[in-house]
Amino acid sequence: MATIKEIAEKAGVSTTTVSNVIHGKTKKVSPATIQKIEALIKEVGYVQKRGLRMLNNEKSQLIAVVINYHKEFKDSILGDPFYGKIIGFIEEYVQKQGYYLMLYSTKDIEEIFQMVAGWDVDGVIAISFSRHNCEKIYQLIKKPIVSIDSYGNAAKDSHLVNIGLDDESGGYQMVKYLLECGYEHIKVCAGRDNGVDHLRYVGAQRAMQECAAEGQKLQFVALGMNYEKRKASYDWLVQRRLPGTALFFLSDMYALEAIRFCTDKKVGVPQQIGVAGYDDISYAQYSTPRLTTIKQDVQKKAQKAVEILLKWIEEGEEYPKREVELPVTLMKRKSVERD
């Protein structure tokens, strides 16, 4: 059996790099180098001496769901209705097929690499990752991986299958509707201009270019990634609003926070300012006023991810498409209706 030193010499890298790949510490290692080292490990017969690995060829029946989140949550990530709902559906479908689910969530991508490298999972569902980091996970474990809402450019030889939305269409539909409602100043609001939020903003810009009349303007507002920063942003948005202003939040949770803020400040929604969201979480139709938003089918996302992953695991064939794009729907409610 080969040593780490021998593998490092064959790969033309340091022993530290080989050790880092073995233990999932790959922040500074390219996917190509990971692939080379993994191939050599298999070729020379190196076996990790880690208690978490099962040293047989049987399936573990274990599916890892990993979440690389960026928002600050008051309680836990499951306190976010989107994540709570999609994880619940994934677990339901996984259990029906006789598999078990292991959930791991953190902002530290390096910890996720170490976790998936250390457990004998049959496959991975990765939520809110960059495509680059999904590829790293694949190179580490050489097991099926399906992502939900991944972002960034895919590699030409990518093994990743992503389940996403027609996010650009959602941004387009909402801004077009707000323009039709007569709003002159539309603020597109998100934690930051990144990932799927960027695609939604691109759609908003396209609608503005195609549908805006003279004087109607669009602006992106970065709210910040924790509640204190968002609260300061809401205050700025409300204090500096002009007549005919609508706030289009790229997350329903932010939209609902803003409605509550406006209520506390005695600013009428939609009488003095319009508020719209994105996702159509369950709370959206119970707010006062009910939230105009873009609906996505979270259940379908979960179902499709599990279906593709388990077929790959059980039949050994990759899904022919690298991108599955689900449609979105505009939900017209009271929060932007002007008298």
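Up top is the structure these notes are about.
Residues numbered from 1 in each chain as written. Predicted model: local features only at pLDDT ≥ 70, side-chain atom pairs only at ≥ 80, totals over all residues. Heavy atoms only, no water.

### Let's talk about the sheet that holds strand S11 (residues 323-326)
Sheet strands pair by backbone hydrogen bonding; their relative direction is either parallel or antiparallel.
Okay, so step 1: Reading across the sheet, the 6 strands line up as S2-S1-S3-S4-S5-S11 and stay open at both edges, with parallel pairing between neighbours. Lying at the two open borders of the sheet, with one neighbouring strand each, are strand S2 (100-105) and S11. Neighbour to neighbour, the strand axes of the sheet diverge by 20° on average, direction disregarded.
Okay, so step 2: Direction of pairing for strand S1 (residues 62-67) relative to S2: parallel, over a ladder of 6 bridges. The residue of S2 that forms the bridge with valine 65 is leucine 103.
Okay, so step 3: With respect to the sheet, helix H11 (residues 298-315) is in contact with S1, strand S3 (123-127), strand S4 (145-148), strand S5 (161-165) and S11, its orientation differing from that of S5 by roughly 170°. (Pairing = 2+ DSSP bridges. Helix = DSSP H or I, 4+ residues; strand = E, 2+ residues; numbered from the N terminus. Axes fitted to C-alpha atoms, helices over the stretch in contact; angles between N-to-C directions. Contact = heavy atoms within 4.5 Å.)

### Concerning the sheet that holds strand S8 (residues 245-249)
Okay, so step 1: Taken in spatial order, the 4 strands line up as S7-S6-S8-S9 in an open sheet, and their pairing is parallel. Edge positions in the sheet fall to strand S7 (217-222) and strand S9 (274-276), since each has one partner strand and no second. Put simply, the sheet's adjacent strands are angled 20° from each other on average, direction ignored.
Okay, so step 2: Judged from the 3 bridges that link them, S8 and S9 form a sheet pairing that is parallel. The residue bridging alanine 246 from the neighbouring strand is glycine 274, located in S9.
Okay, so step 3: Here helix H8 (residues 195-211) sits on the sheet and contacts strand S6 (185-190) and S7; the angle it forms with S7, its principal contact strand, is near 165°.
Okay, so step 4: The strands touched by helix H9 (residues 227-239) are S6, S7 and S8; relative to S7, the strand with the most contacts, the crossing angle is about 155°.

### Overview of the packing of aromatic side chains
Okay, so step 1: Within this structure, the stated rule accounts for 5 aromatic pairs.
Okay, so step 2: Consider the rings of tyrosine 234 and phenylalanine 249, whose centres lie 6.0 Å apart with planes at 80°: the pair is edge-to-face. Of the two residues, tyrosine 234 is situated in helix H9 and phenylalanine 249 in strand S8; the sequence distance between them amounts to 15 residues.
Okay, so step 3: Looking at tyrosine 234, the relative accessible area reads 2%, which means it is buried.
Okay, so step 4: Pairing tyrosine 234 with phenylalanine 261 gives two aromatic rings, centres 6.1 Å apart and planes at 55°, and the pair type is tilted. Residue tyrosine 234 is located in helix H9, and its partner phenylalanine 261 is located in helix H10 (residues 252-264); the two are separated by 27 residues in the primary sequence. In terms of burial, tyrosine 234 and phenylalanine 261 fall into one category: buried.
Okay, so step 5: Put simply, the rings of Tyr234, Phe249 and Phe261 touch in pairs and so form one group of aromatic residues.
Okay, so step 6: Between arginine 200 and the ring centre of tyrosine 278, over which it is positioned, the NZ or CZ distance is 3.7 Å.
Okay, so step 7: Sitting above the plane of the tyrosine 183 ring, arginine 338 keeps its charged end 4.7 Å from the centroid. (Phe/Tyr/Trp six-rings, centres within 6.5 Å; stacked < 30°, edge-to-face > 60°. Buried < 20%, exposed > 50% of the residue type's maximum accessible area, 1.4 Å probe, protein only. Lys NZ or Arg CZ within 6 Å of the ring centre and 35° of its normal.)

### Points about H9
An α-helix turns once every 3.6 residues. As a result, residues three or four positions apart point the same way.
Okay, so step 1: Under the 1.5 Å per step criterion, the end-to-end length of H9 is 18 Å for 13 residues, consistent within 8% with the ideal 18 Å.
Okay, so step 2: Residues of H9 that are buried include every one of Arg230, Ser233, Tyr234, Leu237 and Val238, and no others. In an axial view of H9, the angular spread of the buried residues amounts to 130°, which keeps them on one side of the axis. Seen from the buried face of H9, the exposed residues on the opposite side, beyond 90 degrees, are Glu228, Lys229 and Gln239. (Expected span 1.5 Å × (residues − 1). Arc of directions from axis to C-beta.)

### A look at the pattern of salt bridges
Okay, so step 1: The tally for this structure, following the rule as stated, stands at 15 salt bridges.
Okay, so step 2: Taking the shortest distance from any N to any O, the salt bridge between glutamate 168 and arginine 206 comes out at 3.3 Å. Here glutamate 168, found in helix H7 (residues 167-180), pairs with arginine 206, found in helix H8; they are 38 residues apart in sequence, far enough to count as distant.
Okay, so step 3: By sharing partners, the salt bridges in this structure join Asp167, Asp197, Arg200 and Asp279 into a single network. (Salt bridge = Lys/Arg side-chain N within 4 Å of Asp/Glu carboxyl O.)

### Let's talk about the nonpolar core
Okay, so step 1: If you look at the biggest cluster of nonpolar residues, it comprises 86 residues, and the most contacted ones within it are Ile90, Val124, Ile125 and Phe248.
Okay, so step 2: If sequence neighbours within four positions are ignored, valine 124 has contacts with Ala64, Val66, Val116, Ile137, Ile141, Pro144, Ile145, Val146 and Leu309.
Okay, so step 3: Core analysis: the next-biggest nonpolar cluster, separate from the first, contains 22 residues, Cys189, Ala255, Ile259 and Phe261 among them. (Core = buried A, V, L, I, M, F, W, Y, C linked by side-chain atoms within 4.5 Å.)

Read these as spatial facts, not as claims about activity.
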